[in-house]
Amino acid sequence: KPVKKPMAKKRAGAKATKKLERLVSKGFELEPAEATMFRALSARANYLSQDRPDISFAGKELCREFAIPNKNSFLKLKRLVRYLCGLPRLVYEYPWLDSPPDTLDIFVDTDFAGCTSTRRSTSGGAIMLGSHCIRHWSTTQTTISLSSGEAELHGIAKGISHAIGMQS
């Protein structure tokens, strides 16, 4: 029978989570050449997501799997490429504004514990000047939120920080 230490009992949940993350990432690992190709294509998708808010989240998620890409990572990349083949061109139309607006409109949203393996939340948003989208983002939060309210608070703080930067 193993000896139960107080510290080991306290960290049992964290250790189980780390073990699960390692098992998920080890399954069906890509060969080195395939992994290099996956990283190159994911980086291109991330580059495209600067101008396309519709693929911002998908590009972010692909780049999170740079360390140990597996077959499931490659399937996610194929799905994004198929989406881009269906909508190859995105045209922005900026209607003429008679007078420049005085305010920036910020829209933020969060996905509480959206990542099933790390339980981290994702926050995203857009900054609008009149009817023009001048900035958008989708990021994984650095802290693990204990409630949806805490995740929303982090998302709002990120939106405010982006807005203050745009305003200055």
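Described in the following lines is the structure provided in the data block. Going along each chain's sequence as written, the residues are numbered from 1 onward. Reporting in this predicted model follows two pLDDT cut-offs: at least 70 for local features of residues, and 80 or more for side-chain atom pairs to be given and counted; totals over whole chains, interfaces and linings ignore these cut-offs and use all residues. For the side-chain quantities, the full set of heavy atoms in the structure was used; hydrogens and water were omitted.

**Quick notes on the packing of aromatic side chains**
Working definition: a ring pair exists when centres of Phe, Tyr or Trp rings (six-membered ring for Trp) sit within 6.5 Å. Plane angles under 30 degrees give stacked, over 60 give edge-to-face, the rest tilted. All told, the structure shown has one aromatic pair when counted by the stated rule. For the ring pair tyrosine 92 and tyrosine 94, a centre distance of 6.1 Å and an interplane angle of 20° mean the geometry is stacked.

**Considerations on the nonpolar core**
Counting nine residues, the largest nonpolar core is built from Leu30, Ala35, Phe38, Ala45, Ile55, Leu62, Leu77, Leu80 and Leu84. Strands here are runs of E lasting at least two residues and helices are runs of H or I lasting at least four, both read from the DSSP assignment and numbered beginning at the N terminus. Elements represented by at least two residues in this core include exactly helix H3 (32-48) and helix H5 (71-86). What makes two residues a contact is simply this: any of their non-hydrogen atoms within 4.5 Å. Other than its neighbours up to four places away in sequence, leucine 77 contacts Phe38, Leu41, Ser42 and Leu62. The criterion is simple. A nonpolar core is a set of buried Ala, Val, Leu, Ile, Met, Phe, Trp, Tyr and Cys residues joined through side-chain atoms within 4.5 Å. In this scheme, a residue with accessible area under 20% of its type's maximum is buried, one over 50% is exposed, and one in between is partly exposed, where area comes from a 1.4 Å probe on protein chains only.

**Topic: helix H6 (residues 148-167)**
To estimate how far a helix should extend, the number of its residues minus one is multiplied by 1.5 Å. Compared with an ideal rise of 1.5 Å per residue, which puts 20 residues at 28 Å, H6 spans 28 Å between its outermost C-alpha atoms and is within 8% of the ideal. Inspection of H6 places Ala151, Gly155, Gly159, His162 and Ala163 among the buried residues, and these make up the whole buried set. Buried residues in H6, looked at end-on, bunch into an arc of 110°, giving them a common side. In H6, those exposed residues whose orientation departs by more than 90 degrees from the buried face are Leu153, Ile164 and Gln167. Its buried side turned inward, H6 meets strand S1 (105-111), strand S2 (122-129) and strand S3 (132-140). Directions from the helix axis toward the C-beta atoms define the arc.

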